[in-house]
Amino acid sequence: MFIGIFFLIFLVMTIGFDIYFQVTGRKYDGLIGQYRKKKEDAENDS
């Protein structure tokens, strides 16, 4: 019984962390893209 509950909680937490990090990773990638674009624009202007 304990092992079943343990694996159920483990599975839910793993899926939750996976979704969370996919969402935050996408946001982070977007911010990195904006930073690179601003940096390239600044280099082209000077």
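Coordinates for the structure precede this section.
We now turn to the structure provided with this report. (Residues numbered from 1 in each chain as written. Predicted model: local features only at pLDDT ≥ 70, side-chain atom pairs only at ≥ 80, totals over all residues. Heavy atoms only, no water.)

## Remarks on the overall build of the chain
In step 1: A count of helical and extended segments in the chain gives one helix and zero strands.
In step 2: Along the longest, intermediate and shortest principal axes, the C-alpha atoms of the chain span 65 × 10 × 5 Å.
In step 3: Taking all 46 residues of the chain together, the buried fraction comes to 0%.
In step 4: With the model as given, the accessible surface of the chain reaches about 4,700 Å², and the carbon-plus-sulfur share is 69%.
In step 5: Taking the average location of the 6 positive side-chain charges in the chain and that of its 6 negative ones, the two points are 5 Å from each other. (Helix = DSSP H or I, 4+ residues; strand = E, 2+ residues; numbered from the N terminus. Buried < 20%, exposed > 50% of the residue type's maximum accessible area, 1.4 Å probe, protein only. Areas by Shrake-Rupley, 256 points an atom, 1.4 Å probe, with all protein chains shown as cover. Lys, Arg positive; Asp, Glu negative; His and termini not counted. Charge placed at Lys NZ, Arg CZ, Asp CG, Glu CD.)

## Some remarks on the pattern of salt bridges
In step 1: For the structure shown, the criterion picks out one salt bridge.
In step 2: A salt bridge links Asp41 to Lys37; the nearest nitrogen and oxygen atoms lie 3.6 Å apart. Remark: Lys37 and Asp41 occur in helix H1 (residues 2-45); sequence separation between them is four residues, near one turn of the helix.
In step 3: Judged by its relative accessible area of 51%, Lys37 falls in the exposed class. (Salt bridge = Lys/Arg side-chain N within 4 Å of Asp/Glu carboxyl O.)

## Looking at the packing of aromatic side chains
In step 1: Counted according to the given criterion, the structure contains five aromatic pairs.
In step 2: Relative to Phe10, the ring of Phe6 lies with its centre 6.3 Å away and its plane at 10 degrees, an arrangement referred to as stacked. Here Phe10 and Phe6 lie together in helix H1, a separation of four residues that amounts to about one turn.
In step 3: You can call Phe6 partly exposed: its relative accessible area is 44%.
In step 4: Seen from their ring centres, Tyr20 and Phe21 are 5.2 Å apart, and the 70 degrees between their planes marks the pair as edge-to-face.
In step 5: Accessibility expressed as a relative area gives 49% for Tyr20, which makes it partly exposed.
In step 6: Phe21 sits in the exposed class, given a relative accessible area of 52%.
In step 7: One aromatic cluster is present, formed by Phe2, Phe6, Phe7 and Phe10 through successive ring pairs. (Phe/Tyr/Trp six-rings, centres within 6.5 Å; stacked < 30°, edge-to-face > 60°.)

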